[in-house]
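A closer look at the structure
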Amino acid sequence: MSLPAFAALLERLVFTPGRNAKLALLRGWFAGQPDPDRGIGLAALTGELALRTAKPALVRELVATRTDPALFRLSYDYVGDLAETVALIWPARAGVNAPPPGLAEVVAALETTPKADLPALLAGWLDALDATGRLALIKLVTGGLRVGVSARLAKTALADWAGQDVAAVEELWHGQRPPYLALFAWAEGRGPRPAQQDLPVFRPLMLAHPLEAPDLAEIGPSTHRAEWKWDGIRVQLSAMPGGRALFSRGAEDISAGFPEILAAMDFHAVLDGELLVMRDGAVAPFADLQQRLNRKVVTARMQATHPVGVRLYDMLFDGAEDLRALPFDARRARLEAWFARTRPARMDLSELIPFASVAALEAIRAGAREAAIEGLMLKRADSDYAAGRQRGKWWKWKRAPLGIDAVLMYAQRGHGKRSSFYSDFTFGLWRADGQGGEELVPVGKAYSGYTDQELLWIDRWVRNNTTSRFGPVREVEKTLVIEVIFDAAQRSGRHKSGVALRFPRIARLRTDKPAAEADRLATVEALIDGEAAED
Amino acid sequence: MPHPETWMRVTPQGLYCAPGDFFIDPARPVARAIVTHGHSDHARPDHGAVLASAETLAIMRTRMGEGRAGREQQALRPGEAVTQNSVGIRLVPAGHVLGSCQVVLDWQGSRIVVSGDYKRRADPTCAPFEPVVCDVFVTEATFALPVFRHPPAEAEITRLLDSLRLFPDRAHLVGVYALGKAQRLIALLRQAGWDRPIYLHGALLALCELYEGLGVRLGPLAPVPSPAKRGGGGLLAGEIVLAPPSAEATAWVRRLAEPVVCAASGWMRVRQRAKARGVELPLIVSDHADWDELLETVAAVQAPEVWVTHGRDDALVHALGLRGVRGRALHLLGRGEEEEDAAPLPAEAAPAAETAG
């Protein structure tokens, strides 16, 4: 009965917004299901179930043999999703009393069934399942669960359930294959810790604290090293005799999306760096990198138009030697020596920025307006590579945010704990409407930055100043000015305004300011890329 | 035998029986009305004479106040017949909510059954639907798409109870309509062995009391308490709380312990509907016939012609055509409104809603 159980799990995960609630659902799955089904479910969630998948067209043809075309069309129009429409409309067949298939049975049969027999196999399963089970089956065989669970979250749940640290699960993960029998045996205390054989595993990253003005007293040229803070994504490159992997900051294995980096990892080392789109050595804006993120496969064309590289800044392992206990300066020397020796393709070193005093550093930070630079990193010269965010070792000192006074246009209810609050805000700026007047054009959405008190206030304001509703969204009177700060402005073809803001958040409510005095779109356009004046 | 179209027609007020000179479920005040059940899209205030089941009349008085539930009220028992200007009138249970009835009309050998809203599943809070053979069957089509096949309600209740075990530190807030769904859900929970008090939003209290008064046992019920201090929360962890749909969008909900937002409705069958409402645990429990039940019912009443009042008439009329039954969409205005997702209650109105019916 495990496919229905798995379907029930997916159904709950899809509707559950809260991380803790998702963890609880996953722990319940591990505790309640037998081997090998729980491991197969885990693999399906972490994207490691390599199934020979069926095309959605096959499912569509199958349902056409069982349903009236007009009724199917009306239903599909209403539901809007093919897999869900098929799952719901699939007619029960009188006399079918086969038990629903098991999860392991489905996976095994998909491996061995000849392609020509696949439709009949699928139809038989669909007949034996209820609507929830049918949807899970269709999602499974067409390859796309989309239940909002990252591999990292699934591993965290497994670690919680086993009473282990997630780092311990990460270290073991790469040596294990579905259905992870040895991993579950270890987690339940029934078996030994599975051996690792030189496989690439994620090592916990060292993280930085945001630097506040008083912290500057601790900084000095003799004790600290400065680097640019690059606006890409943090990655860990792990190349071991047993394999290679590229990990994101959140420990997701993102190797598949960046085959050219994997190909360049022709060495044995674990490195820390920033993944960037680079053209002729120049770093492209973050928006370019975004085109390459969250892709399972990447086309040759995409690799050519959006070439990626890694700017390295730390070294955790040189061959089998663990460098993490060494001070920063020593690791840096090892990194530079290794780089000079190895000369890996698609990689360079993040330069150290010499500085004579804190005042000089402040000037350097203020002068940095290049789009690819978020600010400065300040690292203690004598610090080890410490997992997590340890105060006083690494600092991030972002350049001062940019700010605008915008007008609140729409508000949307949040999820989970915020579901009774209007907490997501679309704001706009003025521009000429082409008919001699002014119009507001939306430029971004902010859902953070405010205090709890401010949220209560805005929520009430939204409810009292609603002009129309669209489902969970309310349009409001265009009278409330909010001060929005953001890290950068970029050109964007996807937004009506032609600009996109990086990490916008609400700094202040400007109830003192009339909406007509809010900023114009031109103000943001002047801030795009390097166009900004120094602040 | 006169064709039913000659003695029953659609008017702006609703279905009108000309020889009897009365309306069925009229949308505006009329002199003489027959009301199938108490939902606000069928039972309107301020008619002259109202004929309905005793339960429906009681529900109308509770919701509208004594003065507005019809100047003259006439209760008809199931099976009892009256004649109005030569039109025979009977009420037969429709299984939708307490008191809900089909209206069986006979005139000169021709029979029309106006079913109101109905369902075919067992419901501990009301009498079951009885098919009556007729010449024209007037049906709803709320869930008339083949994607709507309601699972057994008992299985949905099990999912709710499973969730309470999984999240004992959270309140479970179930969005339900005040008339029918709330009481059916309570009765189903009692059948499943849930004997703890069930907590009610103020907007549900009056009708639950009325059900009890009419002999439907609901077990221990309690109003949702107010927080100890303004803005306080954390109440009713591990308990079941029933509230009108969309109460989770109001400030009222902030008193509850990290609520799991559930909704009990046939619409929950479609993910996008549930997602758009921010529902965390959709429960597919409906008081309407699903697709299969609509078609079974039409077959059972053996009517050569079926009139569809509201809902997905396109799909139903098409499917009837495939079965050799003539289907006709009536396009009645204002139907399905109580049962559609109600607009969110404004936060400021929440305290008032606690006393309103």
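These figures come from a predicted structure and were not determined experimentally. (Residues numbered from 1 in each chain as written. Chains lettered and ligands numbered in written order. Predicted model: local features only at pLDDT ≥ 70, side-chain atom pairs only at ≥ 80, totals over all residues.)

All names here are of chain B. Burial along strand S12 (residues 172–175) is two-sided: the residues His172 and Val174 and Leu173 and Gly175 are all buried. Bridging between S12 and strand S16 (residues 260–264) involves four bridges; their strand directions are parallel. Bridge pairing links Leu173 to Val261 in S16. (Buried ≥ 20, exposed ≤ 12 C-beta atoms within 10 Å, placed from the backbone. Helix = DSSP H or I, 4+ residues; strand = E, 2+ residues; numbered from the N terminus. Pairing = 2+ DSSP bridges.)

A separate point is the sheet that holds strand S5 (residues 49–52) of chain B. All names here are of chain B. The mixed open sheet is built from six strands, whose spatial order is S1-S2-S3-S4-S5-S6. Pairing within the sheet leaves two strands with one partner each, and these edge strands are strand S1 (8–11) and strand S6 (72–75). Between one strand axis and the next, the sheet turns through 30 degrees on average, direction left out of account. In this sheet, S5 lies alongside strand S4 (residues 32–34) in parallel orientation, the contact comprising three bridges. Looking across to S5, one finds that Ala33 is bridged to Val50. (Axes fitted to C-alpha atoms, helices over the stretch in contact; angles between N-to-C directions.)

Looking now at the interface of chain A and chain B. At the interface, 30 residues of chain A touch 34 residues of chain B. No other element matches helix H5 (residues 69–79) of chain A, which puts six residues into the side of chain A that touches chain B. (Contact = placed C-beta atoms within 7 Å.)

This part takes up the domain arrangement of chain B. Residues and elements named next belong to chain B. According to the domain assignment, chain B contains domain 1 (4–147 + 287–329) and domain 2 (153–285). Here domain 1 and domain 2 have C-alpha centroids that lie 29 Å from each other. Residue-level contacts link 17 residues of domain 1 with 17 residues of domain 2. Its residues assigned to classes, the side of domain 1 that touches domain 2 comprises seven nonpolar, six polar and four charged. (Domains from an automatic or database assignment. Nonpolar A, V, L, I, M, F, W, Y, C, P; charged D, E, K, R; others polar.)

On to the packing of helix H1 (residues 2–15) of chain A against helix H9 (residues 131–142) of chain A. All names here are of chain A. Across the interface, H1 lies against H9 with an axial gap of 8 Å and an inter-helix angle of 85 degrees. Classified by the angle their axes make, H1 and H9 are roughly perpendicular. Contacts from Leu3, Pro4, Phe6, Ala7, Ala8, Leu10 and Glu11 in H1 reach Thr132, Gly133, Leu135, Ala136 and Leu137 in H9. Residue composition of the contact of H1 with H9, by class: nine nonpolar, two polar and one charged. (Parallel < 35°, antiparallel > 145°, perpendicular 65-115°, else oblique.)

Domain annotation of chain A identifies domain 1 (2–142), domain 2 (206–398) and domain 3 (402–531). Domain 1 of chain A and domain 2 of chain A are separated by 41 Å when their C-alpha centres are compared.

Here the focus is the confidence of the model for chain B. Residue and element names in this part refer to chain B. Scored by pLDDT, chain B has a mean of 91; 93% of the residues are at 70 or more. Within the model, the stretch residues 339–357 combines pLDDT values under 50 with 36 contacts to residues more than four positions away or in other chains. Reported for the predicted complex are a pTM of 0.80 and an ipTM of 0.90. (pLDDT = per-residue confidence, 0-100.)

Here we take up the environment of Asp41 of chain B. By the element assignment, Asp41 of chain B lies in the loop between S4 and S5. Remark: the alpha-carbon pair of Asp41 of chain B and Ala27 of chain B, spanning 14 residues in sequence, is separated by 7.2 Å.

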